2 protein chains.
Amino acid sequence: MTYQHAITALADPTRRVIIDRLRDGPLAVGAIANGMEISRPAVSQHLRVLSDAGLLTVTPSGNRRLYAIAPEGVDDLRKYLDSLWDDALSAFARAAHEKAKGQ
Amino acid sequence: MTYQHAITALADPTRRVIIDRLRDGPLAVGAIANGMEISRPAVSQHLRVLSDAGLLTVTPSGNRRLYAIAPEGVDDLRKYLDSLWDDALSAFARAAHEKAKGQ
DNA sequence: ACGAATCGTAAGTAATGACTTACCGTAAGT
DNA sequence: ACTTACGGTAAGTCATTACTTACGATTCGT
């Protein structure tokens, strides 16, 4: 259901960089934006898109906000691609079979 | 390597519709465009994007061109999401562990 | 209590991309 | 050969979106 938003969110290269920075664990906004070429508000906007897509979770911690990858959101997208892969393989095998038969 | 283009290509809803139409097997451009709301040239442009992303293969058949899902391209994207999922789970477990220890 | 730090939001701008119509090339049918 | 069908490409338009600066709200340190 929500995988459409997830794939749209991951389509942006900057957002994939952000996701990659969170692979090792949660980070605050400043830590994510630090070293990136774009401004911190831009990072905030990307974080919002990723959160809305279900790919990130936010846990306020005092003054800061820790963002972390939400495994469930990633899994939704995985499932979509798995079903697509299954169908692609089936269609591929069937086409090969048809071709062999028609030959 | 090419999964970036693949995810960008799949981010568009219209292109996902096209992909869905090809789940059962190869189709010609006219057959894909038939019943869709957009014009046939627009479909051609989408097919080009999907092909360049490695998600589709083209096999000219006489007058027409048959497009089919390329399992390999889908698999590249799957691998990216699998690695992302693994890291997300690890980070999640570690964060839970830290929390339990800190408690 | 006051200044500094952290972060989200608003408004405006620039760039990206999806779509249309028009056109051209190639293959099939008669 | 001539017409019809099929499909890719070009040019132009419109909407989306990613970015900036400016600002406001909340929390920490002293």
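Preceding block: the structure.
A brief structural summary. (Residues numbered from 1 in each chain as written. Chains lettered and ligands numbered in written order. Predicted model: local features only at pLDDT ≥ 70, side-chain atom pairs only at ≥ 80, totals over all residues. Heavy atoms only, no water.)

1. Some thoughts on the sheet that holds strand 2 (residues 56-61) of chain B
All names here are of chain B.
For step 1, the next point in the chain: The strand order across the open sheet formed by 3 strands is 1-3-2, and the pairing between neighbours is antiparallel. Every other strand in the sheet has two partners, leaving strand 1 (27-28) and strand 2 as the edge strands with one partner each.
For step 2, the next point in the chain: Both strand 1 and strand 3 (residues 64-69) contribute to a ladder of 2 bridges, which runs antiparallel. Looking at strand 3, one finds that Ala 28 is bridged to Leu 66. (Pairing = 2+ DSSP bridges. Helix = DSSP H or I, 4+ residues; strand = E, 2+ residues; numbered from the N terminus.)

2. Some points on the interface of chain B and chain A
For step 1, the next point in the chain: Opposite the 29 residues of chain B that make contact, chain A presents 29 residues.
For step 2, the next point in the chain: Summed over both partners, the interface of chain B with chain A buries about 3,000 Å², with 66% contributed by carbon and sulfur atoms.
For step 3, the next point in the chain: On the chain B side of the interface with chain A, the three residues burying the most area are Arg 23, Arg 78 and Trp 85 of chain B, jointly 23% of the side's total.
For step 4, the next point in the chain: Here chain B and chain A share 4 salt bridges between them.
For step 5, the next point in the chain: The partner of Arg 23 of chain A in a salt bridge is Asp 87 of chain B, and the shortest N-O contact between them spans 2.9 Å.
For step 6, the next point in the chain: Scanning the region where chain B abuts chain A turns up 9 residue pairs in polar contact (both at pLDDT 80 or more).
For step 7, the next point in the chain: Examining the composition of the side of chain B that touches chain A, we find that 17 residues originate from one element, helix 5 (residues 71-102) of chain B, more than from any other. (Contact = heavy atoms within 4.5 Å. Buried area = accessible area lost by both parts, 1.4 Å probe. Salt bridge = Lys/Arg side-chain N within 4 Å of Asp/Glu carboxyl O. Polar contact = N/O pair within 3.5 Å; in protein donor to acceptor, adjacent residues only side chain to side chain.)

3. Some details on the packing of aromatic side chains
For step 1, the next point in the chain: Under the defined criterion, the tally for this structure stands at 2 aromatic pairs over all chains.
For step 2, the next point in the chain: Plain terms: the ring middles of Tyr 3 of chain A and Tyr 80 of chain A are 4.2 Å apart, the flat faces sit at 20° to each other, and that makes the pair stacked. Placement of the pair is Tyr 3 of chain A in helix 1 (residues 3-10) and Tyr 80 of chain A in helix 5 (residues 71-102), with a sequence separation of 77 residues. With respect to burial, Tyr 3 of chain A and Tyr 80 of chain A carry one shared label: buried.
For step 3, the next point in the chain: Above the ring of Trp 85 of chain B, the side-chain terminus of Arg 78 of chain A is found at 3.9 Å from the ring centroid. (Phe/Tyr/Trp six-rings, centres within 6.5 Å; stacked < 30°, edge-to-face > 60°. Buried < 20%, exposed > 50% of the residue type's maximum accessible area, 1.4 Å probe, protein only. Lys NZ or Arg CZ within 6 Å of the ring centre and 35° of its normal.)

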